[in-house]
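Residue-level structure breakdown
Here is how the chains run, residue by residue.
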Amino acid sequence: MFCSAYTPSCIYHFHVNKPVCRKPRFRVCSSTSSESDRFKVEYTPWLIVGLGNPGNKYHGTRHNVGFEMIDKLARKEGVLMNTIQSKALIGIGAIEEVPILLAKPQTYMNFSGESVGSLAAHYQVPLRHILLVYDEMALPNGVLRLQPKGGQGYHNGVKSVMGNLDGRRNFPRLSIGIGHPPGNMDMKAFLLQKFSTSERRQIDESLEQGSEAVKTLVLSGFSEGISRFNLVQKYKFHKV
Amino acid sequence: MSLKLNTPFPIFAPSLFPNPNPRAPSEIRFSRWGNANAERFEQRRRTQEELEAEIRRDRRFDAATSIVHTQDSAAASSEPKTSPFRSRGTPSQPSARSIPGRRSKYSKPDYGPTRPKNKPKVPDSPPQLGAKPEVKLSEDGLSYVIDGAPFEFKYSYTETPKVKPLKLREAPYAPFGPTTMGRPWTGRAPLPQSQKPPREFDSFQLPPVGKKGVKPVQKPGPFRPGVGPRYVYTKEEILGEPLTKEEIRELVTSCLKTTRQLNMGRDGLTHNMLNNIHDLWKRRRVCKIKCKGVCTVDMDNVCEQLEEKIGGKVIYRRGGVIFLFRGRNYNHRTRPRFPLMLWKPAAPVYPRLIQQVPEGLTLKEATAMRRKGRELMPICKLGKNGVYCDLVKNVREAFEVCELVRIDCQGIKGSDFRKIGAKLKDLVPCVLISFENEQILIWRGREWKSSLTVPDKKDDILRDIDVDTVSEEDEASESLNHTQTVNQNSSSGPMEFQHDPDGDELCSSTGDISALEGAGSTLHASSTEDVTTDNSLGDHQEPEQESETSEEINRQSVERVLNMMKQAVESGAALVLDAADLDPDTVFARAVAFSSVATPGPVFQHGLRKQPAVKKEEKREFGYKNIEAKTSSAVVPGRKEVAATVERYDKREKEGVELKMEELDEDYREVIPHGTLKVDELAKLLAVVVPGRKEVAVREKGYEKQEKE
């Protein structure tokens, strides 16, 4: 089971030794070989965390889109989420040889960070392979955005995760737009509301698109495909 | 004997003839005739003018008579002048003094026969342009050509459409004042000349610092030590050396908070603004220009025109704000003088922006587009006098997704949003479809090419691939939306992976590496192949040796993760639930229950901090990792380990990596978990403020000290 020829720490060193170029590398290639050389897939595991509140009471609310995204991914990749570790429901699977760890923290939103941090440490997932999926009020309903880093944007869950990840911000995120609260509605009430029917439809579509995007990200990293995805998402409702 | 009369002497009869001289007082009864005392009052004095007139008349007549009497011209010329003629002048205008220039109580210095009272004030530099301006209609719009001018003058240098106007609305007349005057036209008579001589402002000779009544002036520069200001006349020389970063930063910070700024609005860079900028530069080195509205759509052009026409340098540009530096050797005295435009000339007639049937479309298509456009959601809303720098970029991006784009311009003036539309037509190459309801509807045109590469192509598009350096990657990954830059640098290679669900593609990547050496298998790598690839790759000059060494590991990465989970389960950190029981509520309940029982997990620590330690301890930790993994005793860590890790925890905050290293050396046999499993369990234990626990910690520390000794 444990081969002495390699150890997990080897991988970790490899990535730690080169802190500067942590992004997937494009190699020099002079021959006419196919372009699949040019991108080397990294097999370091990805930790994909969806933020949300546990329990049936909060199932299907706006703040829980993160959970819904994880569920969708799990269904697509056939990952069974049946383990509880470090206060989160996790499942281990793979997207074509790249191991992924889907996690749904069962703490309430404000304390998600504790479970995320501990999971990342246990499975030795580097910072750049922690993908956080959460709801974003700055984007219109149903618009997704994949960013390599970002801020906390009034989101308590993201804030707690950042706090527990050593104060670091440069982990990738998938923001799922839910739109502004209408008029003078209370923000908390808006977040804990369930979606309306039309919004529900939009969100379902976007979850589909999002899972595709996550696949792309895991397999090829932040590349032109991701920027194209962001563009398409930004203007997807401006079509006729 | 004196006569005594009853009546006073002289006896006056009531005069039959009333006194002709009104001045003579009737009370003073002097005799009119023969009274010497009365002479002053009696004699009528002629007025000054009459006297002078008589004098002139006399002189004239004398001169005439002398000419008449001098019959012999030769005699007249040969006749020596007995005395030089000296004009005595008239009483109001006395002739010149014999000692000119002397000034005394009784006379004044000589000003000449005519004393100028209202002499017009001539400026030091004569107007540079003397010719009459010509109106010129060209491809570039309406412009005014004057001989001797450095460039053609226009009303606006940035907002003139680059189309030939169809016709003029008024007679072609240049809006400048008359060039024949020595002073600018003010519409009034010239002011009286002041006694003080007019002084031209020279930037290199500043007024003394403490002088009162002087508005603040910034000295020229900035100069490097030893270099002084120079009188130069060409643009490049005035600018001088390119500014260093510190100089730029200093200039910018000094100018950020100024309230004195020029505003640029819907007319962009107007002709009179050129003068205004020079006026601002008289006092300050940097001119702050704030652009709002239509002109911000094309900020690049604005900056270009500024630098070209005025000769300063744009040192800072953000959104709608431009900072214009005047140049190291700028002198206000030697600035180019432009004639001011006195009024805004009426804009000529330009061809219509929108045609009923734009080129490339039939009428039906056009109407269909207009109908579709009414339901389309606008990509953005523009506010009146806003800053529209990103508009072009956003429109280009939106064209990637849909061929029609609608921009909401509600609230903006009609002429303004039409101008915006015209600019978009030129900058984003597109076709304007309609302006109805204060919206701009544009179509991307038939010859539109996407700037992103299409992801679905699987062939080798690019043979010779660009090298992506490390720095480029970082930028590229950070700026996701800068599709142009990413596009240029990256390739379509990564796209291949997206849509191919099976693992063949991936394996082919590794297989291709071996293909470089000639091996051609694309199967799932067996260990032998791994070995061969490893060996051959070792020879191959790839820049990333590490990836090859880790290749073999990648295969088992999933298994590794699974193993880690198994460890966790065994160690009591994880709990496996039944598949049937995955209802959110149950999960939550069980999670809560479990968390109170479970062993605390590790705390995430960013790897960078431990980097040097890791490097040196690499080899050793290999073995230890194994030991640690085998002994899955996370629950009750050995005392020695505890001790070491306690000490380590204390020193962690100091970032004294060397300290850790020493400890590592000392506690050779102690397991130092690289993955921070034990440290942080301990940290968690210690963090919980329980007095009992603290004592334990202290005791352990004490124990460790004993150990060391």
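Chain B goes by CRM domain-containing protein in an unreviewed UniProt entry, where it is assigned to Brassica napus.

An unreviewed UniProt entry lists chain A under the name Chloroplastic group IIB intron splicing facilitator CRS2, chloroplastic, with Brassica napus given as the organism. What UniProt states about chain A under its Sequence similarities (unreviewed entry) heading is, verbatim, "Belongs to the PTH family."

What follows concerns the overall build of chain B. Summing up its helical and strand segments, chain B has 23 helices and 11 strands in all. Counting all 709 residues of chain B, 36% fall into the buried class. Residue pairs at least 24 apart in sequence account for 70% of intrachain contacts in chain B once pairs closer than 6 positions are excluded. Total accessible area computed for chain B in this model is approximately 44,100 Å², and 54% of it derives from carbon and sulfur atoms.

Bringing the overall build of chain A into the picture now. Summing up its helical and strand segments, chain A has seven helices and seven strands in all. For chain A, the sequential pattern of α-helices and β-strands runs α-β-α-β-β-β-α-β-β-α-β-α-α-α. Residues counted as buried form 66% of the 240 residues belonging to chain A. Sequence-distant contacts, at least 24 apart, represent 70% of the contacts inside chain A between residues at least 6 apart. When the accessible surface of chain A is split by element, carbon and sulfur atoms take 54% of a total near 8,200 Å².

Residue and element names in this part refer to chain B. In space, the four strands of this open sheet follow the order S7-S8-S10-S9, with mixed pairing throughout. Edge positions in the sheet fall to strand S7 (380-381) and strand S9 (431-434), since each of these pairs with one other strand and no more. Note that strand S8 (residues 404-408) and strand S10 (residues 439-443) share five bridges and pair antiparallel. Across the sheet, residue Leu 404 finds its bridge partner in S10, namely Trp 443. In the packing of helix H8 (residues 363-375) onto the sheet, the strands contacted are S8, S9 and S10, and the crossing angle to S8 comes to about 50°.

The next point concerns the pairing of S8 of chain B. All names here are of chain B. Most of S8 sits out of view: five of its five residues are buried. Burial of the side chains of S8 extends over both faces: Leu 404, Arg 406 and Asp 408 are buried on one face and Val 405 and Ile 407 on the other. Relative to S8, S7 runs parallel, the two being bridged by two bridges. Paired with Cys 380 across the two strands is Ile 407, which belongs to S8. As a crossover connection, the stretch from S7 through helix H9 (residues 391-401) into S8 is right-handed.

Now for the packing of aromatic side chains. A complete count under the given rule lists 12 aromatic pairs over all chains for this structure. Note on Tyr 58 of chain A and Tyr 108 of chain A: the rings are 6.3 Å apart at their centroids and 85° apart in plane angle, and the pair reads as edge-to-face. Of the two residues, Tyr 58 of chain A is situated in the loop between strand S1 (46-50) and helix H2 (65-77) and Tyr 108 of chain A in the loop between strand S4 (98-105) and helix H3 (112-122); the sequence distance between them amounts to 50 residues. Ring geometry for Tyr 108 of chain A and Phe 588 of chain B: centres 5.5 Å apart, planes at 80°, overall edge-to-face. Of this pair, Tyr 108 of chain A sits in the loop between S4 and H3 while Phe 588 of chain B is found in helix H18 (residues 584-597), placing the two residues in two different chains.

We now examine the confidence of the model for chain B. Residues and elements named next belong to chain B. This prediction gives chain B a mean pLDDT of 69; 56% of its residues lie at or above 70. Contacts from residues 456-547, a stretch scored under 50 in pLDDT, to residues over four places away or in other chains number 150 contacts. When the criterion is pLDDT under 50, residues 609-670 qualifies, and its contacts beyond four places in sequence or with other chains add up to 92 contacts.

Our focus in this paragraph is helix H7 (residues 299-310) of chain B. Residues and elements named next belong to chain B. With 12 residues, H7 should cover 16 Å at 1.5 Å per step; its first-to-last C-alpha distance of 16 Å lies within 8% of that length. By the burial criterion, the buried members of H7 are Met 299, Asn 301, Val 302, Cys 303, Gln 305, Leu 306, Lys 309 and Ile 310. Of the surrounding secondary structure, the elements contacted by the buried residues of H7 are helix H4 (235-239), strand S3 (262-264), helix H6 (271-283), strand S4 (286-291), strand S5 (313-318) and strand S6 (321-325). Within two residues after H7, Gly 311 carries a phi angle of roughly 95°, on the positive side.

Another point: the packing of H9 of chain B against helix H10 (residues 414-427) of chain B. All names here are of chain B. Direction vectors running N to C along H9 and H10 enclose 60°, while the axes themselves pass 11 Å from each other. The angle between the axes of H9 and H10 places the two elements in the oblique class. The hand of the H9/H10 crossing is right-handed. Contact with H9, carried on its side by Leu 391, Val 392 and Arg 396, involves Ile 420, Leu 424 and Leu 427 of H10 and no other residues of that element. Among the residues making up the contact of H9 with H10, the classes are represented as five nonpolar, no polar and one charged.

Looking now at the sheet that holds S3 of chain B. Pairing between the strands of a sheet comes from backbone hydrogen bonds, and it takes one of two forms, parallel or antiparallel. All names here are of chain B. Reading across the sheet, the four strands line up as S3-S4-S6-S5 and stay open at both edges, with mixed pairing between neighbours. Here the strands that pair on one side only, and so sit at the sheet edges, are S3 and S5. On average, each strand axis in the sheet is inclined to that of its neighbour by 25°, with strand direction left out of account. Relative to S4, S3 is paired through three bridges, and the arrangement is parallel. Along S4, the bridge assignment pairs Leu 262 with Ile 289. In this fold H6 packs onto S3, S4 and S6, with an angle of close to 155° to the strand it touches most, S3. With respect to the sheet, H7 is in contact with S3, S4, S5 and S6, its orientation differing from that of S5 by roughly 160°.

A word on the side chain of Arg 283 of chain B. Residues and elements named next belong to chain B. Relative to the helices and strands, Arg 283 is located in helix H6. Notably, Arg 283 is buried but unbridged: the nearest opposite-charge side chain belongs to Asp 279, and the N-O separation is 8.8 Å. Arg 283 has contacts with Lys 215, Pro 216, Val 217, Gln 218 and Arg 260, leaving out every residue within four places of it along the chain.

In most cases, non-glycine residues show a negative phi, while peptide bonds are predominantly trans. All names here are of chain A. Despite not being glycine, Ser 86 has its phi angle at roughly 50°, a positive value. Note on Ser 86: relative accessible area 17%, which makes it buried. We note that Glu 96 has phi near 50°; this positive angle belongs to a residue other than glycine. Relative to the helices and strands, Glu 96 is located in the loop between strand S3 (88-95) and S4.

What follows covers the side chain of Lys 423 of chain B. Inspection of the secondary structure assignment puts Lys 423 of chain B in helix H10. Here Lys 423 of chain B is in contact with Thr 158, Glu 159, Val 294, Cys 295, Val 297 and Asp 298 of chain B, once residues within four sequence places are set aside.

Before going further, it helps to spend a moment on the pairing of S4 of chain B. Residues and elements named next belong to chain B. Here S4 lies mainly inside the structure; five of its six residues are buried. Crossover connection from S3 via H6 to parallel S4: handedness right-handed. Bridge analysis of S4 against S6 gives five bridges, and the strand direction is antiparallel. Bridge pairing links Cys 287 to Leu 324 in S6.

Criteria and cut-off values
- Each chain carries its own residue numbering, running from 1 in the written order of its sequence.
- For this description, chains carry letters from A and ligands carry numbers from 1, given in the order in which they are written.
- Totals for whole chains, interfaces and linings use all residues, but because this is a predicted model, local features are given only for residues with pLDDT of at least 70 and pairs of side-chain atoms are given and counted only at 80 or more.
- Excluded from the side-chain calculation are hydrogens and water; included are all heavy atoms of the structure.
- UniProt positions are given in the numbering used here, feature names are shortened, and annotations may be inferred rather than shown by experiment.
- Starting at the N terminus, helices and strands are each numbered in turn, a helix being any DSSP run of H or I of at least four residues and a strand any DSSP run of E of at least two.
- A simple rule labels every residue: compare its accessible area, found with a 1.4 Å probe on the protein chains alone, to the largest value its type can have, and call it buried under 20%, exposed over 50%, or partly exposed in between.
- Contacts: residue pairs with any heavy atoms within 4.5 Å of one another.
- For accessible areas, the Shrake-Rupley method is used with a probe of radius 1.4 Å. Any residue's cover is judged against the shown protein chains and nothing else.
- DSSP calls a pair of strands paired once it identifies at least 2 bridges connecting them.
- Fitting a line to C-alpha atoms yields each axis, with helices limited to the stretch in contact; the angle taken between N-to-C directions then spans 0 to 180 degrees.
- The crossover handedness rule: strands pointing away from the viewer, path from first strand over the helix to second strand clockwise, crossover right-handed.
- Two aromatic rings from Phe, Tyr or Trp, using only the six-membered ring of Trp, form a pair when their centres are within 6.5 Å; if the ring planes differ by under 30 degrees the pair is stacked, by over 60 it is edge-to-face, and anything between is tilted.
- Looking at any residue, its pLDDT shows the predictor's confidence there, from 0 to 100.
- Residue count minus one, scaled by 1.5 Å, sets the expected span of a helix.
- We call two directions roughly parallel when the angle between them is under 35 degrees, roughly antiparallel when it is over 145, roughly perpendicular when it lies between 65 and 115, and oblique otherwise.
- Note on convention: the crossing is left-handed when the near helix lies turned anticlockwise from the far helix by less than a right angle, right-handed when the turn is clockwise.
- Only Asp, Glu, Lys and Arg are considered charged, only Ala, Val, Leu, Ile, Met, Phe, Trp, Tyr, Cys and Pro nonpolar, and every remaining residue, Gly among them, polar.
- Charged residues are defined here as Lys and Arg on the positive side and Asp and Glu on the negative side; His and the ends of the chain fall outside this count.
- Criterion for a salt bridge: a side-chain nitrogen of Lys or Arg within 4 Å of a carboxyl oxygen of Asp or Glu.

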